[in-house]
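Spelled out, the chains give:
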Amino acid sequence: MKVYRTACPRDCLDCCSMLAYVDEKGRLVRVKGDPEHPVTRGFLCPKGNSYVELVYHPNRLLYPLMKKNGEFKRVTWEEALNFIAEKLKNYIEKFGPSSILHYHYSGSEALTKNLDTRFFNLLGGITRVAGDLCFSAGLVAQIYDFGGLLQNSIEDLPNAKGCVLWGRNVKSTNIHALPFIAECRRQGGRIAVVNPLPTGMEDIAYLVVRPKPGTDAALALGACRYLVEQGKIDREFIEKYTYGFERFKKVLEDYTLEKVSRITGVDSGDIERLALFYAENTPVTTLLGFGLQRYRGGGNAIRAIDALAAITGNIGKPGAGVSYCSDTYWYVGSFVKGEAPAGRTINVWDLARGILNAQDPPVKMAFITNANPVVNVPDTAMMKKALNSIDTVVVIDLFMTDTAREADVVLPCTTFFEEENIKVSSWSPWIYYCPKVIEPVGEARPDEEIFIELARRIELKDFPWESREQFLEYAAEAFRKFGVNLSILREKGHIKNSFVPDVAWQDKKFLTPSGKFEFYSEKALAEGQPPTATYVAAESEEDQYPYHFITPHSRYRIHSQFQVSEYIKSLNPFPKVYINSEEGVRLGLREGQEVEIYNDRGSIRAKVYFDSRMRRDTVSLESGWSVESGACPNFLIPSRVSEMGGCAALYDVKVGIRGVE
């Protein structure tokens, strides 16, 4: 039995170090959490515990498929690659490079998976997908406020006297934060939960606040005003390290407790208590989720929470900070991708309509990598229609996803156990080395090898790599600025980057134009945004349906990944929609009954379950359910966008719900 130290490459806050066990036949037989890693601490989430099954799953794609006469047929790699290369050359020659669309998302965050983007950048002005499905409104917001993106190490959390889980469900999406939260409490720290949905943390929380979905900015601004009125602000921090506070104070005049209570549905007393939590429990760490910025006013929500932390001095010291993400390793991604030439872009939040409306030229060929847009972008029905309008669609994946079913060519890729790679993350200072653990299963090939073969066939210029090993050597050079290279990683394994501080902004050297935290941002104003945080009402406030529809991430999946696993199915066998208990009874629903969730875009079905902790105006259903499940929520989600950052406003939607007999 051989044991390898590797790391999970999924798009996840926890960034787990793992041990992979391989038997004498070269077969992966066990995966477990690395007990020596200070964050992973020897345990994995359900997703990590399903990896062995996924590698050898009977439904895994093992050889190339091409659609012939409407049905997928097995073909050789030679036939598939020659077909793709010929189509690619013909479309570019006849219609130009903008007739080619490339859509890449976050299915795997391993370093060299961005080689596909490098390939398409070298093709010239293809059609690219702009914007974001995840967290870009908050990114822009924190850049306005701080000038960049940094967060405290999760290992710093026990230094906090207060921890606010604002929109972050750690039990579902960040379980390796739980030991640090527990340690914080053991040392006398208090927990506050701000979330319209139950999180399972309520029993240990000192304070629970449930704002109306999409109103977090108003809540934070109301808390700011109350603290200013009460004189419970950190004047020294404000005077030394912030810019524009007096102008921000004028904005706060509009956010009285009474008005904010009406907007948010939160009792005035709870707004006061939230404000005092920040002022009286310092140092306070705020762990932000991403759902709260998936509304039209999402960026301003993050700016308002940043401001609440700033006026109480809860920034830049041990146990204090607003943790959203870090841009430390973004340079690495840019290094691997290379420079993108000018070309046509389509917004991801309106991807389907953008494809259908594209002219001069229309989109003739699409490559979809690391992604399942049919399930994960807004308006699933239109997304299927858009893919069907394209002459040739190529998908690279592990399984026959809903997107792959719409393709003309499906190519099977390897798992991270079957290739050597490096993993870094926006939520961890660690640089993870991932060795090759087993040989590829079936005829699966690494994504990088596929694009190297295509580059050779079309004689792509400025693409010198002849193997993925060569490209890994090249890509790893990006880490030299941190004193690390591939040889060091191969020798030492995972390395904690000493250039990343455990406490963000501890030197108070902010990267804004003023060099200070900015309550008032000239940069925001120049870019057409309000210069200070403000409340922007959700677009769905104008919808005719009664219930806010929140589609949170599942603890059992990363978006649409992992549900194929029998182990995951045993834990999460079918879609469940949650509603407030009293509201469910009022509607005449029975717990466990099949219901229809609907709006003017269509309808889906799930079994309904009651939860007394839910707001009466809100229902929730996990994101990522397949089309086949009958409960893919994106059938109901319109193409809406945040006010900054181009983030899909996936939660900015309302629905109705009714029983099905």
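To be clear, the structure that these remarks concern was listed above.
Note that the structure is predicted; figures quoted are calculated from it, not measured.

Visitor: For this particular structure, what's the right way to read the side chain of Asp 611?
Guide: Assignment of secondary structure puts Asp 611 in the loop between β25 (602-610) and β26 (618-621). For Asp 611, the side chain forms a polar contact with the main-chain nitrogen of Arg 613, separated by 2.9 Å. Apart from the residues within four sequence positions on either side, Asp 611 is in contact with Pro 198, Ile 579, Asn 580 and Ser 581.

Visitor: How should the pairing of strand β22 (residues 547-550) be read in this particular structure?
Guide: One face of the sheet, then the other: side chains in a regular strand alternate in exactly this way. Taking every second residue as pointing to the same face, both faces of β22 are buried, with Tyr 547 and Phe 549 on one and His 548 and Ile 550 on the other. Relative to strand β27 (residues 654-659), β22 is paired through 2 bridges, and the arrangement is antiparallel. Across the sheet, the residue bridging to Tyr 547 is Val 655, located in β27. With 3 bridges joining them, β22 and β26 adopt parallel strand pairing. Looking across to β26, one finds that Ile 550 is bridged to Ser 620.

Visitor: Looking at this model, I keep getting lost on the pattern of salt bridges. Mind explaining?
Guide: Working definition: two side chains of opposite charge can pair if their charged atoms are close together. Counting across every chain of the model gives 49 salt bridges. Note that Lys 232 and Glu 280 form a salt bridge whose closest N and O atoms lie 3.6 Å from each other. Of this pair, Lys 232 sits in the loop between α7 (216-230) and α8 (235-241) while Glu 280 sits in helix α11 (residues 268-280), placing them 48 residues apart in sequence. Accessibility expressed as a relative area gives 36% for Lys 232, which makes it partly exposed.

Visitor: I would appreciate a short explanation of the nonpolar core in the present structure.
Guide: Generally speaking, soluble globular proteins have nonpolar side chains that are buried together. Tyr 103, Trp 166 and Ile 597 are the most contacted members of the largest nonpolar core, which totals 120 residues. Broken down by element, this core gets its largest block of residues, 9 residues, from helix α12 (residues 298-311). Core analysis: the second largest hydrophobic core is formed by 74 residues, Leu 28, Tyr 91, Cys 413 and Tyr 556 among them.

Parameters at a glance
Residues numbered from 1 in each chain as written. Predicted model: local features only at pLDDT ≥ 70, side-chain atom pairs only at ≥ 80, totals over all residues. Heavy atoms only, no water. Helix = DSSP H or I, 4+ residues; strand = E, 2+ residues; numbered from the N terminus. Polar contact = N/O pair within 3.5 Å; in protein donor to acceptor, adjacent residues only side chain to side chain. Contact = heavy atoms within 4.5 Å. Buried < 20%, exposed > 50% of the residue type's maximum accessible area, 1.4 Å probe, protein only. Pairing = 2+ DSSP bridges. Salt bridge = Lys/Arg side-chain N within 4 Å of Asp/Glu carboxyl O. Core = buried A, V, L, I, M, F, W, Y, C linked by side-chain atoms within 4.5 Å.

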